[in-house]
Amino acid sequence: MEIPIKQALALKTLPDAKDLAFGTLFTDHMFNMDYDPDNGWHYPRIEPYGAIPMDPSTMVLHYGQSIFEGLKAFKTPEDRIQLFRPEDNFTRFNRSAHRMCIPLFDEAFALDAAKELIRLDRRWVPSAPGTSLYIRPTIIAMDPFLGVRASYTYRFFIILSPVGAYYKEGFNPVKIWVTEKYVRAVPGGVGEVKTAGNYAASLFAGEEAHHKGYTQVLWLDGVERKYVEEVGSMNIFFVIDDEIITPSLSGSILSGITRDSVMALARKWGHPVTERRITIDEVMAAHEAGKLQECFGSGTAAVISPVGEIKYKDKQIKIGDGKVGSWARKFFDAITDIQYGHAEDTEGWIHPVD
Ligand code: COI
C-alpha cells in the first residue's frame, strides 16, 4: 500500500533540547489509517498533525476500546536515525488488538508507515544526551454507538513526540509506594496488554502516591495482594543477595520489551535474571536482613529507573545508599549505548530508519 503524504503548510518551531520533558510536544505530521468491515484497514496517509473529529457518541470515549504502543527513535553520532526493537512493539500491538477485539493489522506495513513518518519529521529527532523521539501508535474504536459491543470501525494513528527523561528525577532514584488497597489488574483481565483502561485504573492510587510524596505506585497482585507485579509505567527488578529477580509474567503484568532486553543482557553476561513470583514481604525481609542490594524499573519511556525508596504499610525502606545501584547503571549504559549507536548492536535490536 502506498502512503500518500500531505505536507503541513507551516512547520512548528523546534524546542530547545534542554526544555524537553515527556509527551508535551508533537511533531508536524501524523499517520492515519481507517478500518471498516468492507474495506479492512484502508486509506493509509500521512498528513499534518491535527485533531481527530469525533461524534460525541464515538465508542472509544464511552467504553475505552483503545490500545497503544510506545517506542523510540534515536539519533546516532553519525546523524543516522534508528529504532530499538520496533518489530517487538508492533507484534505486541497486535496481541493487544486481539485481546481488545480490534482487527489485526499488517505489522510490517505499520512499521514502514512509522519509518516514513519519522523520515518526514526527521528534524524533530533530538540529539542531546538522554533525548529521543517517542513514537505512539494508537488504535481507537470509532463507531458512533452507545451499545456495548466491539466497534465495527477504527482509526489507527501514529504521533511523534520529542522527549527527555520520563521522570523529573531523570536517571536518579525514584520513590515508590506499595498500595494494598487498590489493584491494577487481575488474572483473566487485560493487565498484560496496553489498553487505555489499565492506565485510567491506576490514576486514583497514583494521585495518593503523589500526595504522599512518591513518584509511582508499585502494584501487588489483584487476588492475594502479596505478590509484586509492576509499576504501571515500568516492570520491576530486585537484586537480593546477588540474585537479580523480576516477577514472572502472571497474565496481569505487561511483557515489557526493555524488561526482555535486561534479561537478555543479564543472560549474555552470565548472570541470568530469575523470573519468579516474589512477595512484598520477601522484599521487606531481604531489606531487614541487609540483602536487598538494588531495585530498579524498566520501560520504554523510563528506560532503567533506579528505585531509592519503597514504602509499604508503615515501613519505609531506603535501598542501597540512596545512589544509583551498579546493576541499574550497567543495564542503563548497555541499553542506551546500543540505542544511541555508541556500542555495537550485538543483539540485533537496532532497526535503521534512514
Ligand atoms: C512506555 O514506556 O512507552 C509506556 O507506554 C509507559 C507509559 C508512558 C504509559
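Residues in contact with the ligand, as listed here, are Phe68, Gly70, Tyr134, Arg136, Tyr166, Lys194, Tyr199, Thr300 and Ala301. Lys194 is positioned such that a nitrogen or oxygen atom in its side chain is 2.8 Å from an oxygen atom of the ligand. A distance of 3.3 Å separates an oxygen atom of the ligand from a polar backbone atom of Thr300. Its free accessible area being 280 Å², the ligand has 91% of it covered by the protein chains.

One can read the domain layout of the protein chain as domain 1 (17-164) and domain 2 (174-338). The gap between the C-alpha centroids of domain 1 and domain 2 is 26 Å. Taken together, the contact pairs 20 residues of domain 1 with 19 residues of domain 2. Around 1600 Å² of area is buried between domain 1 and domain 2 when both sides are counted, 58% of it from carbon and sulfur atoms. Counting across the interface, domain 1 meets domain 2 through 1 salt bridge. Of the charged contacts, one joins Arg85 and Asp260 as a salt bridge, the two residues approaching to 2.8 Å between their closest N and O atoms. Connecting domain 1 to domain 2 are 13 residue pairs in polar contact (both at pLDDT 80 or more). Among the secondary structure elements, those contributing two or more residues to the side of domain 1 that touches domain 2 are strand E3 (66-68), strand E4 (71-75), strand E5 (81-84) and helix H2 (86-99). For the side of domain 1 that touches domain 2, the element with the most residues is H2, which contributes 6 residues.

A complete count under the given rule lists 23 aromatic pairs for this structure. Ring centres 5.9 Å apart and planes at 90 degrees place the aromatic pair Phe31 and Phe156 in the edge-to-face group. Here the residue Phe31 occupies a position in strand E1 (residues 29-36), and Phe156 occupies one in strand E7 (residues 154-163), the gap between them amounting to 125 residues. For the residue pair Phe31 and Phe156, the accessibility class agrees, reading buried in each case. Ring centres of Trp269 and Phe331 lie 5.3 Å apart, and the angle between their planes is 25 degrees; on these two criteria the pair is classed as stacked.

Moving on to the packing of helix H5 (residues 257-268) against helix H7 (residues 326-339). Packing of H5 against H7 brings their axes to within 10 Å, and their N-to-C directions diverge by 105 degrees. The pairing of H5 with H7 is recorded here as roughly perpendicular in orientation. Along the contact surface, H5 presents Thr258, Ser261, Val262, Leu265 and Ala266, while H7 presents Phe331, Ala334 and Ile335. For the contact of H5 with H7, the residue count by class is 6 nonpolar, 2 polar and no charged.

For the structure on display, the rule yields 1 cavity of 30 Å³ or more. Reported here for the largest cavity is a volume of approximately 100 Å³. Along the wall of the largest cavity there are 13 residues; nearest its centre are Lys72, Phe84, Thr258, Thr300 and Gln339. At the level of secondary structure, the elements contributing two or more residues to the lining of the largest cavity comprise E4, H5 and H7.

If you check H7, its first and last C-alpha atoms are 20 Å apart, about what 14 residues at 1.5 Å a residue would give, namely 20 Å. By the burial criterion, the buried members of H7 are Trp327, Ala328, Phe331, Phe332, Ala334, Ile335, Thr336, Ile338 and Gln339. Once H7 finishes, Gly341 follows within two positions and takes phi at roughly 75 degrees, a positive value.

This next bit is on the pattern of salt bridges. Within this structure, the stated rule accounts for 23 salt bridges. Between Lys268 and Glu347 there is a salt bridge; the shortest N-O distance is 2.8 Å. With a gap of 79 residues between them, Lys268 in helix H5 and Glu347 in the loop between H7 and strand E16 (350-352) connect regions that are remote in the sequence. Here Lys268 falls in the partly exposed class, since its relative accessible area comes to 44%. Each of Asp34, Arg45, Glu47 and Arg155 takes part in one network of salt bridges that share partners.

Thresholds, definitions, all that
- Residue numbering note: each chain is counted from 1, following its sequence as written.
- Residue-level local features of this predicted model are given only where pLDDT is at least 70; pairs of side-chain atoms are given and counted only at 80 or more, and the full residue set underlies all totals for whole chains, interfaces and linings.
- In computing side-chain values, all of the structure's heavy atoms are included and hydrogens and water are not.
- Note on terminology: near, applied to a residue and a molecule or strand, indicates that one of the residue's heavy atoms is within 4 Å of it.
- Between N or O atoms, a polar contact is any pair within 3.5 Å; within protein, one atom must be a potential hydrogen donor and the other a potential acceptor, and residues adjacent in sequence are included only when both atoms are from side chains.
- The Shrake-Rupley method, run with a 1.4 Å probe sphere, supplies the accessible areas, and residue values consider only the shown protein chains as cover.
- Boundaries between domains were set according to an automatic or database domain assignment.
- Contacts are assigned to residue pairs that have any heavy atoms within 4.5 Å of one another.
- Summed over both partners, the accessible surface that disappears when two parts come together, traced with a 1.4 Å probe, is what is meant by buried area.
- Definition used for salt bridges: Asp or Glu carboxyl oxygen within 4 Å of a side-chain nitrogen of Lys or Arg.
- Each helix is a run of DSSP H or I of at least 4 residues and each strand a run of E of at least 2, with the numbering of both proceeding from the N terminus.
- Any two of the Phe, Tyr and Trp rings considered here, Trp counted by its six-membered ring, make a pair once their centres fall within 6.5 Å; the pair's planes then place it as stacked at under 30 degrees, edge-to-face at over 60, or tilted in between.
- Burial classes: relative accessible area under 20% of the type maximum marks a residue as buried, over 50% as exposed, and values in between as partly exposed (1.4 Å probe, protein chains only).
- Note on definitions: angles span 0 to 180 degrees between N-to-C directions of axes, and those axes are lines fitted to C-alpha atoms, for helices only across the stretch in contact.
- In these notes the angle categories are as follows: under 35 degrees is roughly parallel, over 145 is roughly antiparallel, 65 to 115 is roughly perpendicular, and the rest is oblique.
- The classification used treats Ala, Val, Leu, Ile, Met, Phe, Trp, Tyr, Cys and Pro as nonpolar, Asp, Glu, Lys and Arg as charged, and all other residues, Gly among them, as polar.
- In this analysis the probe radius is 1.4 Å and the grid spacing 1 Å, with only protein atoms considered; a cavity is a set of points the probe fits into but cannot get out of, a pocket is an open set with protein on both sides within 12 Å along at least five of seven lines, and lining residues have an atom within 4 Å of a point.
- Grid points are joined across faces, edges and corners, and a volume is the space filled by probe spheres set on the points.
- To estimate the expected span of a helix, count its residues, drop one, and scale the result by 1.5 Å.

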